[in-house]
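Listed below are the residues making up each chain.
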Amino acid sequence: MESVAFVRLRAPYMHRYSGFHPRIKSYSFVGRQYCNTALTLASTVPARARELTCNAGSKMEPIYDDANAEFSFEDWLSNPWDVGIMLDDLDKFCSDNAVMYYQILVEVRWLLKLSEIPEVKEVPTFSQETRAFLENIIQDFNEDEALEVKKKQQTNYDLKAVVYYLKQKCDGHSEVLEVLDFSHSMCTSEDINNLAYGLLVKDTINHVLFPVMANLCKALCAMARNNAHIAMLSHSHGQASGTTLGIEMATFAFRLGYWARRISQVPIFGNFAGVVGKYNAYKFAYRDIDWPHVAQEFVTSFGLQFNPCTTQIESHYHMVELSDILVNFNNVLVEFTDEVRRYISLGYFEQMMKEENESYTMLYKLDPFDFANSSCDLVTAKSCLSTIKKFIFTAHMKVDLTDIQVTRFGLAPSLMAYKKFLLVIEKIEVNESRLAEDLEKNWVVLAEVIQTVMERYNLTEQHEKLKELTRGIYVDKESISSFIENLDLPKEEKLYLLNLTPLSYIGEAENLAKLIDEALGSLLGFKIN
């Protein structure tokens, strides 16, 4: 009998619910952390364990791919939850390459700003050709250029490497090369980086996160419109009442829209005030310049809000506010996910047939795995965002290199959850017959309107009889009709009540659901569809 080597759970399952994948190269922080963990595990497992055997003697598939010292994930990459695809949009604004781009943008624009200040005679006004040359360095930055920067890095996020890269790009352009050192003159790495990170966050929110959040709202609005007429039994605060599936969806759409609007309104702050945030070097090098005013002009030129009072480290309270809003948005989405799962268990929703969702012991049952998966990502996101808040409130004396780590790590799980949810929401279908069946069994929902009509006609003595009829007793159509017949009501009112059914007792729910696009569009400030 061959010996059995016990190793840790295979990596695809380690990452199944985490929302990340160790083969994401460009999404550096997440990819690096998971790759390092995976490689550490690989190095601690004996070589014999890499060709795992069972006591039956049959060889298992190798756990590790020794050719590149990484886990083999080719089978897992074919999964529809391919993280690399889902985070492509985020990668454009949050990868290491993106950080370099924003750093180069700030460095070059600061040099251009100095050239516009007459008192800084060391940096003369640039010609239009020179300005165009510098702008092209920004516009032409790509992956190949990023590799050039990385070759010059001695540490991760080494801003000196960006300066060396700019010198290389400007080699042969004497007008720029002579004054290029001023691109980092008097300012600190935090001056450059806090603006770079602010732009990163602003662009990520505007171009990646908010559009996906808006698409979630649109998806729920579509569910509201399409199901506006479908009556259902509401289980509000433990008692049955009539509603429609559409208005239930519209309620969640509006709640999500509220927080989506809030995230679009958060101001992203930046500062550019030197070592301790007081313009010390600026002031004593050039005494006649109003540096706070120059800094304000420079910061606001990027579309950021100017923070006039900081230490060296900008407070980043916009990230605290963004984290709070995302947590609230995610909480609503978790509640909606739980509601959908409850509807699935009640038979109100049916999932499109999918073999991998089958229950092993209950073959008739389809597990709502997809929604559970999305919920796990939302829980992960909440933990990450809570960590960001805690970190930021204690980060005023810390080096600037940590800001970008927590920023990117907090946004990724939320984006993962939103994109997954957009996929799984398409996999459910409404079971109208099941909804109607539940309503038919609950004629007690009409007790509310009967009581209201009785109060209108001052039939207060009948309240106790209605309570006796409906409380704790099964009520059917016949018992409700009999009670109405014995009420001393005008003929037209009595006829109206007798014609009511649980299916038709929905008030304005259908019309309200159909108006959700207009209501949400007014809230967000743009047309939903």
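Residues numbered from 1 in each chain as written. Predicted model: local features only at pLDDT ≥ 70, side-chain atom pairs only at ≥ 80, totals over all residues. Heavy atoms only, no water.

Going by the annotation in an unreviewed UniProt entry, the name recorded for the chain is Adenylosuccinate lyase, with Rhynchospora pubera given as the source organism.

Novice: Lay out the overall build of the chain in plain terms, naming residues and giving numbers.
Specialist: A tally of helices and strands in the chain yields 24 helices and eight strands. Each of the 529 residues in the chain was classed as buried or not, and the buried ones make up 51%. In the chain, of all internal contacts separated by at least 6 residues, the share reaching a separation of at least 24 is 77%. Just so you have it, the chain exposes about 26,000 Å², and 53% of that area is on carbon and sulfur atoms. (Helix = DSSP H or I, 4+ residues; strand = E, 2+ residues; numbered from the N terminus. Buried < 20%, exposed > 50% of the residue type's maximum accessible area, 1.4 Å probe, protein only. Contact = heavy atoms within 4.5 Å. Areas by Shrake-Rupley, 256 points an atom, 1.4 Å probe, with all protein chains shown as cover.)

Novice: Outline the packing of helix H6 (residues 96-115) against helix H11 (residues 189-226), supporting the account with residue identities and numerical values.
Specialist: Two elements in contact, H6 and H11, have axes separated by 9 Å at closest approach and are oriented at 125°. The angle between the axes of H6 and H11 places the two elements in the oblique class. The chirality of how H6 crosses H11 is right-handed. Of H11, the residues touching H6 (which contributes Val99, Tyr102, Gln103, Leu105, Val106 and Glu107) are Ile192, Asn193, Leu195, Ala196, Tyr197, Leu199, Leu200 and Asp203. (Axes fitted to C-alpha atoms, helices over the stretch in contact; angles between N-to-C directions. Parallel < 35°, antiparallel > 145°, perpendicular 65-115°, else oblique. Left-handed = near helix turned anticlockwise from the far one by under 90°.)

Novice: Report on the pattern of salt bridges, specifying residues and quantitative values.
Specialist: Under the definition given, this model contains 16 salt bridges. A salt bridge links Lys467 to Glu464; the nearest nitrogen and oxygen atoms lie 3.3 Å apart. With Lys467 and Glu464 both in helix H20 (residues 463-470) and three residues apart, the pair spans about one turn of that helix. Of the residues examined, Lys467 reaches a relative accessible area of 35% and is grouped as partly exposed. (Salt bridge = Lys/Arg side-chain N within 4 Å of Asp/Glu carboxyl O.)

Novice: Give me the lowdown on the packing of H11 against helix H24 (residues 516-524), citing residues and values where you can.
Specialist: Between H11 and H24, the least distance of the axes is 10 Å, while the angle of their chain directions is 155°. Viewed along their axes, H11 and H24 adopt a mutual orientation that is roughly antiparallel. Residues Cys217, Cys221, Ala224 and Arg225 of H11 touch H24, and the partners they reach there are Ile516, Asp517 and Leu520. Class assignment for the residues of the contact of H11 with H24 results in five nonpolar, no polar and two charged. (Nonpolar A, V, L, I, M, F, W, Y, C, P; charged D, E, K, R; others polar.)

Novice: With reference to specific residues and values, describe H20.
Specialist: Along H20, the positions that sit buried rather than exposed are Leu466, Leu469 and Thr470. For H20, the angular spread of the buried residues around the axis is 80°, confining them to a single face. Contact partners of the buried residues in H20: helix H19 (447-456) and helix H21 (477-485). Looking at the residues trailing H20, positive phi occurs at Gly472, about 70°. (Arc of directions from axis to C-beta.)

Novice: With reference to specific residues and values, describe the packing of aromatic side chains.
Specialist: What the rule picks out here adds up to 17 aromatic pairs. Seen from their ring centres, Tyr279 and Tyr282 are 5.9 Å apart, and the 70° between their planes marks the pair as edge-to-face. A relative accessible area of 10% places Tyr279 in the buried class. For Tyr282, a relative accessible area of 1% corresponds to the buried category. Judged by centre distance (5.5 Å) and plane angle (85°), the ring pair of Tyr343 and Phe349 falls under edge-to-face. By relative accessible area, Tyr343 is classed as buried at 3%. (Phe/Tyr/Trp six-rings, centres within 6.5 Å; stacked < 30°, edge-to-face > 60°.)

Novice: Go over the confidence of the model for the chain, please, and point to the residues and values.
Specialist: For the chain, the average pLDDT comes to 77, and 75% of its residues sit at 70 or higher. Note that residues 1-81 has pLDDT below 50 and, in this model, 122 contacts with residues that lie over four places away or in other chains. (pLDDT = per-residue confidence, 0-100.)

Novice: How would you summarise the nonpolar core if you had to cite specific residues and measurements?
Specialist: Ranked by size, the top nonpolar core spans 150 residues in total, and within it Phe272, Trp291, Tyr418 and Ile450 carry the most contacts. If you tally residues by element for this core, the top one is H11, at 20 residues. Discounting residues that sit within four places of it in the chain, Trp291 has contacts with Trp110, Leu114, Ile117, Val120, Met186, Tyr279, Tyr282, Lys283 and Tyr286. (Core = buried A, V, L, I, M, F, W, Y, C linked by side-chain atoms within 4.5 Å.)

Novice: Describe unusual backbone geometry, naming the residues involved and giving the relevant values.
Specialist: Positive phi outside glycine occurs at Tyr279, with the angle close to 60°. Relative to the helices and strands, Tyr279 is located in the loop between strand E5 (269-270) and helix H13 (280-285). Despite not being glycine, Asn458 has its phi angle at roughly 60°, a positive value. Tracing the sequence through the fold places Asn458 in the loop between H19 and H20. Under the relative-accessibility criterion, Asn458 is labelled exposed at 57%.

Novice: Which residues make up the side chain of Glu248, and what values go with them?
Specialist: Relative to the elements of secondary structure, Glu248 occurs in helix H12 (residues 245-264). One buried charged side chain, Glu248, makes no salt bridge at all; its nearest oppositely charged neighbour is Arg342, positioned 6.8 Å away. (Lys, Arg positive; Asp, Glu negative; His and termini not counted.)

Novice: Quick one: what's the story with helix H15 (residues 317-346), residue by residue and with numbers?
Specialist: Taking 1.5 Å per residue, 30 residues should reach 44 Å; H15 reaches 44 Å between its end C-alpha atoms and fits that length. Where H15 terminates, the next one or two residues include Gly347, which has phi positive at roughly 90°. (Expected span 1.5 Å × (residues − 1).)

Novice: Give a detailed account of the environment of Asp158, specifying residues and quantitative values.
Specialist: One can find Asp158 in the loop between helix H8 (143-151) and helix H9 (159-169). The residues touching Asp158, leaving out its near neighbours within four places in the chain, are Lys152 and Gln153.

Novice: Describe the side chain of Thr204, and please don't skip the residues or the numbers.
Specialist: Mapped onto the secondary structure, Thr204 falls in helix H11. Judged by relative accessible area, Thr204 falls into the buried class, the value being 0%. Within the local environment of Thr204, its side chain forms a polar contact with the backbone oxygen of Leu200, the two atoms lying 2.6 Å apart. When near neighbours in sequence (up to four residues on either side) are disregarded, Thr204 contacts Leu90, Phe93, Cys94, Leu209 and Leu411. (Polar contact = N/O pair within 3.5 Å; in protein donor to acceptor, adjacent residues only side chain to side chain.)

Novice: Requested: an account of the environment of Leu435, with residues and values cited.
Specialist: As for its position among the elements, Leu435 is in helix H18 (residues 432-440). Leu435 sits 92 residues away from Tyr343 along the chain, and the two C-alpha atoms are 9.8 Å apart. Once you skip the residues sitting within four places of it in the chain, Leu435 turns out to touch Ile230, Ala231, Met232, Tyr348 and Val430.

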